[in-house]
Amino acid sequence: MAAAAALMLAAPSAFADSFFVPGNLVVSVEGNGVVGATSGPYGDNQAAPLSLFQYKVSGTSSASYVNSLTLPQSNSGSNYAVSSEYGSSSEGSLQLSGNGKYLTIMGYGVNAATFNANPGNYSPNASNTALAQSGSVQGQSYTAVPRVVALIDSNGSVNSSTALYGVFSGNNPRSAYTPDGKNIYVSGQGTKGDNTSGVFVTQVGSNTATSVTGNDAGAGASQDTRFVTGYNGQLYVSSDSKSGATNRSYVGTLGNNASLPTGLANNGNGPAQLPGFGNSGGTGKVTITAATTNGINAPGQQINLSPESFFFANATTMYVADSGSSKQTSASSSLGDGGLQKWSLVNGAWQLDYTVSAGLNLVSNKASAGSTGLLALTGQTVMVDGVAQEQIFAINYTIGDLDPTYLFGLTDLLDATTLQSGEAFVKLATAPVDSNFKGVSFAPTSDVPEPGSLALFFAAFAGLVAVRRKRG
């Protein structure tokens with residue numbers, strides 16, 4: 001009993017030094033990243049620091065700022081600087097590792113101030129001055145900028161030693177997912193015909209990566225893959241592209257179920273569309289119904305999907321952040337279906353149950369400014385009075401690169417297949433001046449305590465412990 005008591009007393013101290021608190025939210029922030037700032041130094045497409053804001057949430061109705069962490073702006077040992085392109089509409093995705101111990105995010109391996117002082121030095125075309133237009137291929141006339149994966153643990157320690165050359169050259173690194181803190185899948189876009197686009201697999205600390213999607217889907221086009229993640233042993237990715245054979249906007253799979261790919265998947269043909277996710281032709285378009293309208297489109301209109309991030313609440317329920325601003329144009333209407341889409345797996349095919357847009361103040365993708373949908377998404381299942389609810393947190397997608405961005409909260413009945421009356425997003429936080437919110441995830445958990453004796457102690461003395469899995 002004395003030993004058990006000692007363990008019990010030791011357990012809280014094991015978490016006392018953690019920077020992140022389990023259950024809190026973390027938001028990735030491009031730009032100034034200073035709470036309360038009234039001005040900042042960054043212009044659209046310039047290199048800027050990348051920060052993480054931590055929020056304590058009360059359900060989905062309120063969030064209070066806790067602290068922030070700015071990723072390193074200089075190389076140190078094996079770690080690289082991690083910058084972002086301020087105003088980018090497709091970067092900054094943030095998510096938890098499969099084991100829940102790390103946050104993952106992608107950036108550029110260069111000091112922001114150094115890049116901004118002479119951006120032409122880093123691009124195949126010196127007149128291209130945006131950070132995303134920097135090249136990542138070594139041995140060229142320019143100074144190559146690696147695309148960096150940062151792993152952040154619960155203590156706020158940053159491992160940015162994974163600096164990849166030859167991926168996403170002249171374009172954006174979009175997202176990174178690691179199942180175990182060792183192997184990493186990255187997704188993004190390169191330049192047409194250069195074979196640096198799509199999904200790649202690498203390992204922590206590596207400078208190279210192996211293509212999973214293949215040689216730009218064999219069409220000489222530039223794949224536009226976005227959010228890559230894993231669920232139940234299957235690798236998934238969202239795609240929104242308009243070039244050649246990659247004219248598609250849907251969520252698809254790479255490789256086989258229960259076996260994450262270690263190299264080329266699907267014979268190099270890119271992601272395989274989830275059954276029912278859009279039209280049978282595979283370009284990702286649907287006809288809007290009364291249940292799926294977002295108030296911008298109308299029932300009967302055929303629109304293009306534009307999936308960004310997504311997560312599975314369970315094996316038959318998927319939530320998708322749709323930007324409402326599709327890249328491909330195969331549908332008869334140019335409008336999208338921005339907002340939160342809820343999809344259910346029925347008889348082997350996914351069907352769109354409804355779209356939630358209330359509270360987002362959406363505008364048409366033809367407007368000059370404002371939000372057309374959602375960019376980032378995370379959620380968790382909780383039980384309230386015996387009813388399963390999904391607590392969802394999201395970041396809006398904007399037309400203008402520097403339009404205001406927000407953190408929103410929403411509670412959805414997990415088993416519902418029809419939109420509940422009055423269901424609407426609540427604005428929880430606003431990005432500071434000269435900053436953009438980009439990604440959202442739950443905080444990572446600590447590695448400690450892990451000893452088997454402690455696990456047995458809690459099992460014996462605490463009884464049945466319910467663990468709710470967080471998704472990010």
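Refer to the preceding data block for the structure.
All figures in this text were calculated on a predicted structure; none of them were measured in a lab.

### Description of the packing of aromatic side chains
For any pair of aromatic rings, the description consists of the separation of the ring centres together with the inter-plane angle of the planes.
Piece 1. Per the stated rule, a full pass over the model turns up 17 aromatic pairs.
Piece 2. Aromatic side chains Phe19 and Phe20 sit 4.9 Å apart centroid to centroid with 80 degrees between the ring planes, which places their arrangement in the edge-to-face category.
Piece 3. Owing to a relative accessible area of 23%, Phe19 belongs among the partly exposed residues under this scheme.
Piece 4. Residue Phe20 is classed as buried on the basis of its relative accessible area, which comes to 1%.
Piece 5. Centre to centre, the rings of Tyr231 and Phe312 are 4.9 Å apart; their planes meet at 15 degrees, and the pair counts as stacked. Taken together, the positions of Tyr231 in strand β13 (residues 225-231) and Phe312 in strand β19 (residues 307-314) put the pair 81 residues apart, joining distant regions of the chain.
Piece 6. Look at Tyr231 and you get buried, because its relative accessible area is 13%.
Piece 7. Taken together, the aromatic side chains of Phe227, Tyr231, Tyr236, Phe310, Phe312 and Trp350 make up a single cluster linked through ring pairs.

### Structural notes on the sheet that holds strand β20 (residues 317-322)
Piece 1. Ordered in space as β19-β20-β21-β22, the 4 strands form an open sheet in which the pairing is antiparallel. Here the strands that pair on one side only, and so sit at the sheet edges, are β19 and β22 (349-356). Within this sheet the neighbouring strands show an average axis-to-axis angle of 25 degrees, counted without direction.
Piece 2. Pairing between β19 and β20: 5 bridges, direction antiparallel. Within the sheet, the bridge partner assigned to Phe312 lies in β20 and is Met318.

The rules behind the values
- Residues numbered from 1 in each chain as written.
- Predicted model: local features only at pLDDT ≥ 70, side-chain atom pairs only at ≥ 80, totals over all residues.
- Heavy atoms only, no water.
- Phe/Tyr/Trp six-rings, centres within 6.5 Å; stacked < 30°, edge-to-face > 60°.
- Buried < 20%, exposed > 50% of the residue type's maximum accessible area, 1.4 Å probe, protein only.
- Helix = DSSP H or I, 4+ residues; strand = E, 2+ residues; numbered from the N terminus.
- Pairing = 2+ DSSP bridges.
- Axes fitted to C-alpha atoms, helices over the stretch in contact; angles between N-to-C directions.

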